Amino acid sequence: MNYKYIVLYPVSVIIAVSFLFITGCEKPSLSLLSEYEKPFGVISSEAQDPPRKFNVFIDASASMYGFTANNSTFHDIISSVISRIPQDASIQLYGFGRDSIKLEGDLRRMLHTISDRRFYNHEHTDLCKPFDEHIKNDPSSVNLIFTDMVQSTEHAEQDRVIFARHLKSYLGDNGFLSLMAIQADFLGDYYSEKVGGKINVPEGSTRPLYCLAFGHRKYSKFIEDKIANLFSYSFEFGNTKPNKLRCTDNMDRINDPENLMLEDNLVNLPVSCFLLDKGQTEALKLTMSGYEDRFGKVLDYSIAYRSKKDSVYTEMKNIGGNIIADVLPDSTKISFNLPFNNNSPGAYIVRLTFRKTLPNWISKLSTDDDTKLDNINKTYKLDSWMRFIMDNFEDYKYLATTQYYIQINRK
């Protein structure tokens, strides 16, 4: 027997496997979406247990009275939401207007309290009160606020800003927010915020009814799956939606530099793998198929790196930013230049998130003049209020429509 072949054979196998490891996309090492999210401090919302504690705040101002007739949409929505909360979860109801009051008794008694039309008699609505008196000291609950979103205080404009700041402080780095809306039947008076005074709403009219839901990000999918479909409109952040995006070659805009080679699109994950040869780079031109208008055109990016001697990826601080994508003529593909001047050998993960913008329905339901009957089915200053909130969350890592990951193995 020739012993040198016995020695050389396993050595050659090791060399071959090492070559494949270096040059190929390391699919086996990262097999879950949460593994791609982890280097960026992203807490995954996948497969989380449902929440076990709910705070439900009911706007008790006089402007809500018109929603509360027998068999109204308002009562149907409240009942449906309560019925979808897990049986073993605790539920506490509150009323708020000029202050915030914890309702007494068991669930039956609390629901009976809010079904009494006399409950809706507060002169003003201050959405900051639930934060001041209850929410800020209860970080583990899911909070649901049912309201007409009319901030009615002496300094309403400033209080909208304060509400947005309260929300950002409470949610911290790992929260979600959902604004849901429906046109609900309304029989009663509306109180104008622009000029004051009472407007008698014609029978058969509707007004927008809203539910604000927020809490820890791990509960966002529960709200999306169980609550949002009760409403006609919804807007949320903190829970990125799945997508069918994939990196692709494009004859009109080839990869630059040319030594960037697409190796694989991972079918079950929003991930594409590339091999990048040695040499200086400044930017990578990438093209993606499966684009949808709802994603928007602004992409935020951040980069994590693992050298060949490291076992884990670490986010590269102060490297990242945003880029504007070009939508190609068929509207299903986008191209963009990804800044990338990282020339050290090893493996990189680029996190791409499509920045969320306010949907059109918010501006359609918003008005700056609530004195006209033609605007009775709209909400005073809704658009500007939501913009205050978006401005406060501008640098929030979950302010995204969807996400995608680029894995680059650099020789």
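Our subject is the structure listed above.
Since the model is a prediction, treat every value here as computed from it, not as a measurement. (Residues numbered from 1 in each chain as written. Predicted model: local features only at pLDDT ≥ 70, side-chain atom pairs only at ≥ 80, totals over all residues. Heavy atoms only, no water.)

Visitor: Run through the nonpolar core, naming residues and quoting values.
Guide: Ranked by size, the top nonpolar core spans 49 residues in total, and within it Leu-179, Phe-214 and Ile-389 carry the most contacts. Those residues in contact with Ile-389, other than ones at most four positions away along the chain, are Phe-163, Ala-164, Leu-167, Leu-177 and Phe-237. (Core = buried A, V, L, I, M, F, W, Y, C linked by side-chain atoms within 4.5 Å. Buried < 20%, exposed > 50% of the residue type's maximum accessible area, 1.4 Å probe, protein only. Contact = heavy atoms within 4.5 Å.)

Visitor: Residues and numbers for the sheet that holds strand S3 (residues 100-102), please.
Guide: Spatially, the 7 strands line up as an open sheet ordered S3-S2-S1-S4-S8-S5-S9, and their pairing is mixed. At either margin of the open sheet sits one strand with a lone partner, and together these are S3 and strand S9 (233-237). Looking at each pair of strands side by side, their axes are set apart by 20° on average, direction ignored. Here strand S1 (residues 53-59) runs beside strand S2 (residues 90-96); their pairing, made up of 7 bridges, is parallel. When the sheet's bridge partners are listed, Phe-57 is paired in S2 with Tyr-94. Those strands touched by helix H4 (residues 107-115) are S1 and S2, and its axis lies near 25° from that of S2. (Pairing = 2+ DSSP bridges. Helix = DSSP H or I, 4+ residues; strand = E, 2+ residues; numbered from the N terminus. Axes fitted to C-alpha atoms, helices over the stretch in contact; angles between N-to-C directions.)

Visitor: Requested: an account of unusual backbone geometry, with residues and values cited.
Guide: Look at Asn-71: it is not a glycine, yet its phi comes out positive at around 55°. Residue placement: Asn-71 occurs in the loop between S1 and helix H3 (73-84). Although it is not a glycine, Ser-331 adopts a positive phi angle of roughly 70°. Looking at the element boundaries, Ser-331 is found in the loop between strand S16 (326-327) and strand S17 (333-339).

Visitor: Describe the environment of Ala-164, and please don't skip the residues or the numbers.
Guide: Counting through the fold element by element, Ala-164 comes out in helix H6 (residues 156-171). You can call Ala-164 buried: its relative accessible area is 0%. Residue contacts for Ala-164: discarding those within four places in its chain leaves Phe-388, Ile-389, Asn-392 and Phe-393.

Visitor: Can you break down the packing of H3 against H4 residue by residue, with the values?
Guide: Think of two packed helices as two axes; the pair is described by the angle between the axes and how far apart they sit. At a minimum axis distance of 11 Å, the contact between H3 and H4 shows a crossing angle of 165°. Looking at the two axes, H3 sits roughly antiparallel to H4. The hand of the H3/H4 crossing is right-handed. Of the residues in H4, those in contact with His-75, Ile-78 and Ile-82 of H3 are Leu-107, Leu-111, Ile-114 and Ser-115. In terms of residue class, the contact of H3 with H4 is made up of 5 nonpolar, 2 polar and no charged. (Parallel < 35°, antiparallel > 145°, perpendicular 65-115°, else oblique. Left-handed = near helix turned anticlockwise from the far one by under 90°. Nonpolar A, V, L, I, M, F, W, Y, C, P; charged D, E, K, R; others polar.)

Visitor: Give me the lowdown on the pattern of salt bridges, citing residues and values where you can.
Guide: Scanning all chains against the criterion turns up 16 salt bridges. For the salt bridge of Lys-198 with Asp-189, the shortest nitrogen-to-oxygen distance reads 3.7 Å. Take Lys-198: its relative accessible area is 57%, and that puts it in the exposed class. Using a relative accessible area of 21% as the deciding quantity, one classes Asp-189 as partly exposed. Salt-bridge contacts for Asp-368 lead to Lys-381; the nearest nitrogen and oxygen are separated by 4.0 Å. Taken together, the positions of Asp-368 in the loop between strand S19 (366-367) and strand S20 (379-380) and Lys-381 in the loop between S20 and helix H9 (382-392) put the pair 13 residues apart, joining distant regions of the chain. The structure contains a network of salt bridges with shared partners spanning Glu-224, Glu-236, Lys-241 and Lys-356. (Salt bridge = Lys/Arg side-chain N within 4 Å of Asp/Glu carboxyl O.)

Visitor: Pulling in residues and values, what's your account of H6?
Guide: The terminal C-alpha atoms of H6, which comprises 16 residues, lie 22 Å apart, in line with the 22 Å expected from a rise of 1.5 Å per residue. Looking at H6, one finds that the buried residues are Ala-156, Asp-159, Arg-160, Phe-163, Ala-164, Leu-167, Tyr-170 and Leu-171. Seen from one end, H6 has its buried residues packed into an arc of 150°, which puts them on one side. Residues of H6 that are exposed and point more than 90 degrees away from the buried face comprise Arg-165 and Ser-169. Buried positions along H6 lie against helix H5 (129-133), strand S4 (142-147), strand S5 (175-186), strand S8 (205-216), S20 and H9. With its phi angle positive at about 60°, Gly-172 sits one or two positions after the end of H6. (Expected span 1.5 Å × (residues − 1). Arc of directions from axis to C-beta.)

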